[in-house]
Amino acid sequence: MHVERVHAAIDCGHAINPDQVEAQIQGAVIDALSAALRQKVTIRDGRAEQSNFHDYPLLRIGEAPLVEVSIVEIGSPLGGVGEPGIPPFAPALANALFAASRQRIRHLPLTDHVQG
């Protein structure tokens with residue numbers, strides 16, 4: 001499975017440094033996409049089998065989608081941008097897959113359940 005483009009929107013209040021907000025959300029999308037598509041922890045004999053990035057991989061730069069970020073300011077109080085980009089990503093991707101295939105996926109990583 002390959003994701004070509006992601007458009008993310010965030011309302012973090014007044015964006016004091018919009019370039020930093022954009023960079024933070026782009027990084028969150030890469031982290032979230034990595035988790036949604038391929039990262040998993042398996043346990044053997046009471047221990048995690050994964051120990052570092054060689055067996056718990058992030059997307060590589062050539063696999064990363066184009067990430068467009070819209071900063072929406074609707075008068076909300078100042079907020080952070082470090083974590084908000086990660087939690088909604090996998091459910092949004094699973095819903096997009098459902099819309100395309102009518103197959104509901106409820107477990108990560110998604111590539112365990114989808115071909116291609």
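Not measured: the values here are computed from a predicted model.

Participant: Hey, could you run me through the pairing of strand β1 (residues 5-10) in this one?
Facilitator: Put simply, side chains in a regular strand alternate between the two faces of the sheet. Residues Val 6, Ala 8 and Ile 10 point to one face of β1 and are all buried, whereas Arg 5, His 7 and Ala 9, pointing to the other face, are not buried. Both β1 and strand β4 (residues 66-71) contribute to a ladder of 6 bridges, which runs parallel. When the sheet's bridge partners are listed, Ile 10 is paired in β4 with Ile 71.

Participant: Before we go on, may I ask you to explain unusual backbone geometry in this structure?
Facilitator: A negative phi angle characterises most non-glycine residues, just as the trans form characterises most peptide bonds. With an omega of -5°, the peptide bond between Leu 108 and Pro 109 qualifies as cis. Within the secondary structure, Pro 109 is located in the segment after α2 (89-101). Backbone geometry at Asp 45 places phi at a positive 55°, although glycine is not the residue there. Checked against the element boundaries, Asp 45 lands in the loop between β2 (43-44) and β3 (47-48).

Participant: What's the story with the nonpolar core in this structure? I'm lost.
Facilitator: For soluble globular proteins, the rule of thumb is that nonpolar side chains tend to be buried together. Among the nonpolar cores identified, the biggest contains 25 residues, and Val 29, Leu 33, Phe 89, Leu 93 and Leu 110 are the most heavily contacted of them. Counting only elements with at least two residues in this core, the list comes to β1, α1 (18-37), β4 and α2. Those residues within four positions of Leu 93 in sequence are excluded, and the remaining contacts are Val 3, Leu 33, Ala 36, Leu 37 and Leu 110.

Participant: So what exactly am I meant to see when it comes to the pattern of salt bridges here?
Facilitator: Pairing is possible between side chains of opposite charge, provided their charged atoms come close. This structure, assessed with the given rule, holds 4 salt bridges. Here Arg 38 ties to Glu 63 by a salt bridge, and the two come within 2.9 Å at their closest N and O atoms. Of this pair, Arg 38 sits in the loop between α1 and β2 while Glu 63 sits in the loop between β3 and β4, and the two are 25 residues apart along the sequence. On the accessibility criterion, Glu 63 (29% relative accessible area) is partly exposed. Between Arg 44 and Glu 49 there is a salt bridge whose closest N-O contact spans 3.3 Å. By relative accessible area, Arg 44 is classed as exposed at 55%. Relative accessible area serves as the criterion here: at 36%, Glu 49 is assigned to the partly exposed category.

Participant: Explanation requested: α2 in the structure shown.
Facilitator: In an α-helix, one turn spans 3.6 residues; hence positions three or four apart end up facing the same way. The end-to-end C-alpha distance of α2, which contains 13 residues, comes to 18 Å, matching closely the 18 Å that a straight helix rising 1.5 Å per residue would cover. Within the sequence span of α2, burial applies to Phe 89, Ala 90, Leu 93, Ala 94 and Leu 97. All buried residues of α2 project into a common sector of 130° when viewed along the axis, lining one side. For α2, the secondary structure elements touched by its buried residues are β1 and α1. Taken from the residues just after α2, Arg 102 is the one with a positive phi, measuring 65°.

Rules behind the numbers
- Residues numbered from 1 in each chain as written.
- Predicted model: local features only at pLDDT ≥ 70, side-chain atom pairs only at ≥ 80, totals over all residues.
- Heavy atoms only, no water.
- Buried < 20%, exposed > 50% of the residue type's maximum accessible area, 1.4 Å probe, protein only.
- Helix = DSSP H or I, 4+ residues; strand = E, 2+ residues; numbered from the N terminus.
- Pairing = 2+ DSSP bridges.
- Core = buried A, V, L, I, M, F, W, Y, C linked by side-chain atoms within 4.5 Å.
- Contact = heavy atoms within 4.5 Å.
- Salt bridge = Lys/Arg side-chain N within 4 Å of Asp/Glu carboxyl O.
- Expected span 1.5 Å × (residues − 1).
- Arc of directions from axis to C-beta.

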